[in-house]
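# Remarks on the overall topology
Each chain is listed here by its residues.
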Amino acid sequence: MRLPRILMPSVTVSAHCDLPCGVYDPAQARIEAESIKAIAEKYQANTDPEFRTRALIIKEQRAELVKHHLWVLWTDYFKPAHFEKYPNLHSLFNEATKLAGASGAKGSADPAKAEELLAKIEEISKIFWETKQA
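Worth saying up front: this structure is predicted, and the values here are computed from it rather than measured.

### Observations regarding the side chain of Lys 120
Mapped onto the secondary structure, Lys 120 falls in helix α6 (residues 111-133). Of the residues examined, Lys 120 reaches a relative accessible area of 18% and is grouped as buried.

The following block contains the structure:
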């Protein structure tokens, strides 16, 4: 009975994948946000209640994915030196995740909210690519 306990890891770690691969890209969040915008536009153009219900469900799922991809960048990719060089980075992530959340694209079927989210992701993306080239 001791053998299984010996083989158990003493520390558990987690990453956005099974192995911390170092592959990060804000494009993942952008693609999901583009989907949110397209869904919101289709929602506005359609009066079928079943279609609209499905659209809202899918839009909310995509919003959760946006938040996930942003959080991975915020917590795993960006390091203290990045936050020193770009003092507004924490605010950008906070604003972007809120725009993806209940007070933003997740809680609204307005394509304009999705546009705001896409703009924040673009700001984050610019900083991301500047840090990748450094």
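Next comes the rest of the description.
### Section: the nonpolar core
Ranked by size, the top nonpolar core spans 28 residues in total, and within it Val 66, Leu 70, Phe 78, Leu 89, Phe 93 and Leu 117 carry the most contacts. Among the elements of the structure, α2 (27-45), α3 (49-77), α5 (89-100) and α6 are those that each provide at least two residues to this core. When residues no more than four places from it in sequence are discounted, the contact partners of Phe 78 are Leu 73, Phe 83, Leu 89, Phe 93, Ile 127, Phe 128 and Thr 131.

### Let's talk about the pattern of salt bridges
With the rule as written, the count across this model stands at 9 salt bridges. Salt-bridge contacts for Lys 67 lead to Glu 64; the nearest nitrogen and oxygen are separated by 3.1 Å. Placement of both Lys 67 and Glu 64 in helix α3 is noted, with a separation of 3 residues, approximately one turn of the helix. Linked through salt bridges whose partners overlap, the residues forming this network are Lys 37, Glu 41 and Glu 115.

### Regarding the packing of aromatic side chains
Inspection of every chain in the model, using the stated rule, returns 8 aromatic pairs. Arranged with centres 6.1 Å apart and planes meeting at 55 degrees, the rings of Phe 78 and Phe 83 form a pair that is tilted. Accessibility assignment for this pair places Phe 78 and Phe 83 in one class, buried. Aromatic side chains Phe 78 and Phe 128 sit 6.4 Å apart centroid to centroid with 80 degrees between the ring planes, which places their arrangement in the edge-to-face category. Note that Phe 78 is positioned in the loop between α3 and α4 (80-85) and Phe 128 in helix α6, a separation of 50 residues in sequence. Taking relative accessible area as the criterion, Phe 78 reaches 3% and is therefore assigned buried.

### What to know about the environment of Ile 36
Looking at the element boundaries, Ile 36 is found in helix α2. Each C-alpha atom, one on Ile 36 and one on Lys 106, is 8.4 Å from the other, the two residues being 70 residues apart in sequence. When near neighbours in sequence (up to four residues on either side) are disregarded, Ile 36 contacts Lys 59, Arg 62, Ala 63, Val 66, Ala 105, Ala 114 and Leu 117.

### Section: the environment of Ile 57
As for its position among the elements, Ile 57 is in helix α3. Overall, the relative accessible area of 46% leaves Ile 57 in the partly exposed class.

Conventions used here
- Residues numbered from 1 in each chain as written.
- Predicted model: local features only at pLDDT ≥ 70, side-chain atom pairs only at ≥ 80, totals over all residues.
- Heavy atoms only, no water.
- Helix = DSSP H or I, 4+ residues; strand = E, 2+ residues; numbered from the N terminus.
- Buried < 20%, exposed > 50% of the residue type's maximum accessible area, 1.4 Å probe, protein only.
- Core = buried A, V, L, I, M, F, W, Y, C linked by side-chain atoms within 4.5 Å.
- Contact = heavy atoms within 4.5 Å.
- Salt bridge = Lys/Arg side-chain N within 4 Å of Asp/Glu carboxyl O.
- Phe/Tyr/Trp six-rings, centres within 6.5 Å; stacked < 30°, edge-to-face > 60°.

Without other data, these values stay purely geometric and don't point to any function.
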